[in-house]
Amino acid sequence: VWSDCLSFIQDNIQPQAYKTWFEPIKAVKLTDNALSIQVPSKFFYEWLEEHYVKVLKVALTKELGENARLVYIIKMENTYGNKQPFTEKIPSSNRGNVKAQEVDVPLKNKSPELKNPFVIPGIRNVKIESQLNPSYNFENFLEGDANRLARSAGLAVANKPGGTSFNPLLIFGGVGLGKTHLAHAIGVEIKDKYPEKTVLYISAEKFTQQYIESVKKNNRNDFIHFYQIVDVLIIDDVQFLSGKTGTQDVFFHIFNHLHQNGKQVILTSDKAPVDMQDIEQRLLSRFKWGLSAELQKPDFETRVSILRNMLYRDGVEMPDDIVDYVAKNIKTNVRELEGAIISLIAQSSFNKKEVTLDLAKQIVEKFVKNTKREVSIDYIQKVVSDYFQMDVATLQSKTRKRHIVQARQLAMFFAKKFTKASLASIGSQIGKRDHATVLHACKTVDNLTATDKQFRKYVEDLSKKLSL
Ligand code: ADP
Ligand code: MG
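Where an unreviewed UniProt entry is consulted, the protein appears under the name Chromosomal replication initiator protein DnaA, with the organism given as Spongiivirga citrea. Check the Subunit (unreviewed entry) section of the UniProt entry for the protein; it says "Oligomerizes as a right-handed, spiral filament on DNA at oriC."

(A) Inspection of the overall build of the protein at higher detail. Looking only at helices and strands, the protein has 20 helices and nine strands in total. Out of the 468 residues in the protein, the part that is buried amounts to 35%. Sequence-distant contacts in the protein: of pairs separated by 6 or more residues, those separated by 24 or more amount to 73%.

(B) Spotlight on the environment of Leu410. Secondary-structure assignment places Leu410 in helix 17 (residues 402–418). On the basis of neighbour count, Leu410 is assigned to the buried category, with 26 C-beta atoms found within 10 Å. Separated by 29 residues in sequence, Leu410 and Gln381 have C-alpha atoms that sit 9.0 Å apart. Look past the residues within four positions of Leu410 in its chain and what remains in contact with it is Val384, Val445, Tyr458 and Leu462.

(C) Broad picture of the environment of Asp278. Along the chain, Asp278 turns up in the loop between strand 8 (264–269) and helix 10 (281–287). The class of Asp278 is exposed, set by 11 C-beta atoms lying within 10 Å. C-alpha of Asp278 to C-alpha of Thr245: the two residues are 33 residues apart in sequence and 8.7 Å apart in space. When residues no more than four places from it in sequence are discounted, the contact partners of Asp278 are Ser242 and Gly243.

(D) Structural view of the UniProt feature "binding site: ATP" (unreviewed entry) in the protein. Following the UniProt record, the feature "binding site: ATP" (unreviewed entry) maps to Gly176, Gly178, Lys179 and Thr180 here. Within the element layout of this structure, Gly178 appears in the loop between strand 5 (169–172) and helix 6 (179–193). The exposure class assigned to Gly178 is buried, which follows from the 24 C-beta atoms found within 10 Å. Beyond its immediate stretch of four places on either side in the chain, Gly178 contacts Phe141, Asn147, Leu295 and Val334. With respect to the secondary-structure elements, Lys179 resides in helix 6. Among the residues examined, Lys179 registers 22 C-beta atoms within 10 Å and is labelled buried. In contact with Lys179, not counting residues within four places along its chain, are Ile171, Gly173, Thr268 and Leu295.

(E) Broad picture of the sheet that holds strand 6 (residues 199–203). Sheet architecture is open: five strands sit in the order 6-7-8-5-9, paired in parallel fashion. Each edge of the open sheet carries a strand with a single partner, namely strand 6 and strand 9 (291–294). On average, each strand axis in the sheet is tilted by 15 degrees relative to the strand beside it, whichever way the strands run. Looking at chain direction, strand 5 and strand 9 are connected through four bridges and run parallel. Bridge pairing in strand 9 links Ile171 to Ala293.

(F) Quick peek at the site of ligand 1. The local shell around ligand 1 holds 16 residues, among which Gly178, Lys179, Thr180, His181 and Val334 are the closest. Taken together, the elements giving at least two residues each to the shell around ligand 1 come down to helix 6 and helix 13 (334–350). Looking at the shell around ligand 1 residue by residue, the classes come out as six nonpolar, seven polar and three charged. Two domains each donate at least three residues to the shell around ligand 1, and these are domain 2 (114–294) and domain 3 (305–370).

(G) Examining helix 15 (residues 377–387) more closely. The set of residues buried in helix 15 consists of Ile377, Ile380, Gln381, Val384 and Ser385. Seen along its axis, helix 15 keeps its buried residues to an arc of 125 degrees; they face one direction. Exposed and facing more than 90 degrees away from the buried side of helix 15 are Asp378 and Asp386. With its phi angle positive at about 50 degrees, Gln389 sits one or two positions after the end of helix 15.

(H) Seen up close, the packing of helix 8 (residues 220–228) against helix 9 (residues 245–260). Close contact between helix 8 and helix 9 brings their axes to 9 Å; oriented N to C, the two are set at 35 degrees. Where helix 8 crosses over helix 9, the two elements pack in a sense that is right-handed. Facing helix 8, whose interface residues are Ile224, Tyr227 and Gln228, helix 9 presents Val250, His253, Ile254, His257 and Leu258. Partitioning the contact of helix 8 with helix 9 into residue classes produces five nonpolar, three polar and no charged.

(I) Representation of unusual backbone geometry in the model. A cis amide bond links Asn167 with the next residue in sequence, Pro168, at an omega value of 5 degrees. Structurally, Pro168 is set in the loop between helix 5 (148–159) and strand 5. Of note, Lys432 is a non-glycine position whose phi angle comes to about 50 degrees, a positive value. Here Lys432 shows up in the loop between helix 18 (423–429) and helix 19 (435–451).

(J) Layout of the nonpolar core. The biggest cluster of nonpolar side chains holds 92 residues, and the ones touching the most others in it are Ile171, Leu233, Leu307, Val326, Ala340 and Ile341. At eight residues, helix 13 tops the list of elements feeding residues into this core. When near neighbours in sequence (up to four residues on either side) are disregarded, Ala340 contacts Val326, Ile330, Ile363, Val364 and Phe367.

What counts, and at which threshold
- Residues numbered from 1 in each chain as written.
- Chains lettered and ligands numbered in written order.
- Predicted model: local features only at pLDDT ≥ 70, side-chain atom pairs only at ≥ 80, totals over all residues.
- UniProt positions renumbered as here; feature names shortened; annotations may be inferred.
- Helix = DSSP H or I, 4+ residues; strand = E, 2+ residues; numbered from the N terminus.
- Buried ≥ 20, exposed ≤ 12 C-beta atoms within 10 Å, placed from the backbone.
- Contact = placed C-beta atoms within 7 Å.
- Pairing = 2+ DSSP bridges.
- Axes fitted to C-alpha atoms, helices over the stretch in contact; angles between N-to-C directions.
- Near = placed C-beta within 6 Å.
- Nonpolar A, V, L, I, M, F, W, Y, C, P; charged D, E, K, R; others polar.
- Domains from an automatic or database assignment.
- Arc of directions from axis to C-beta.
- Left-handed = near helix turned anticlockwise from the far one by under 90°.
- Core = buried A, V, L, I, M, F, W, Y, C linked by C-beta atoms within 7 Å.

Now the structure itself:
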């Protein structure tokens, strides 16, 4: 069964991903409709669940039918010589002799996040499941310069939900920098300190779906009521509300109600409020009432401590030079950092290879190549100026010569498209312009691409050069 699943999976994902994430898995047993597979670590399991659950589910239901279940067996020893018992997370009865932790995942309705918290309120006794992930807590959200403000604001809010001026607390930053983790951590901490408080975590996407559903079913008021009775509302990835006026509208009312009643609202977003597009002004101004705290890319020291913490929690020992090597070379975000180390552990443990610096180099190299790298604005300016045979200083200059203006606008357009930088920051990096100029440049490029054939060719050529 498993090998049939594997060939299906192999056809449906990238070869490198297959090699990294599926080759190390061992099928252990099959009973009725439950297949047990052995994976090298807890992080490996979490990674599979996060990234490959869909393809796994399709493959398994194809083989075993609708009631298919998957049991993960997490291998506890490692090949670095010593068997370390787990110190955390695993119930104590599992320590010592027992080598594997089993996680049984029914494929329907799996992770708590996917459960629908929207129970139509039967007037009073609504039970709200907070949808929090207890492993996203403060203890393992490691502190560094890049997250100090956001982290301590989060702690302050957790100590006095609704009782600080950080209401709402908006956490923003690029992908994989810990927004979701920190948002959960605040919720988890509040639940810990104030068990009687109702805390609710929900993604903006799920919130939107529920809202649309409630309109269809004619119970919009129940929907609003449900959200108005919580003490702490955490909405993840609010940029998702862009352009969704109906949902923004209902959220505005819920927000006001909660705020007026001293309830805490926590939001995350991939952009700062000033850079959010297609969000109503009145909502944006609410976002700015409290505190906006940014999560930035962690520096080297923090990356090292994040890795060490992961290894420690996973019961794995690894030489310092290897940890340093990984931390030095993977800088994009914490998620990539985790991916690389998990993959390293997996490769070494299943091929019974020792973790050497060479192996780390191989894996990090593949990993870096394989993940979409964000190009830098400097790089974009270089590529665009080369293409038009001018130098970067000319591209940035104040001149109004048409071909130079176009080159500059293209650089701005690609910076918007290929980086996470805000309009303001793109403007300041490309010849000290303001954000309105960048916005105008993007619109001009869109228009010209639609109307001017020669210009379209520029855009296509440059797109190719810039996609790594
Ligand atoms: P985002 O929501 O910003 O895309 P996540 O919160 O999903 O990012 O974080 C990605 C991964 O990185 C998660 O597994 C998270 O636990 C981990 N992570 C992020 N920041 C930290 C940190 N400061 N310390 C430890 N782990 C972190
Ligand atoms: Mg997130």
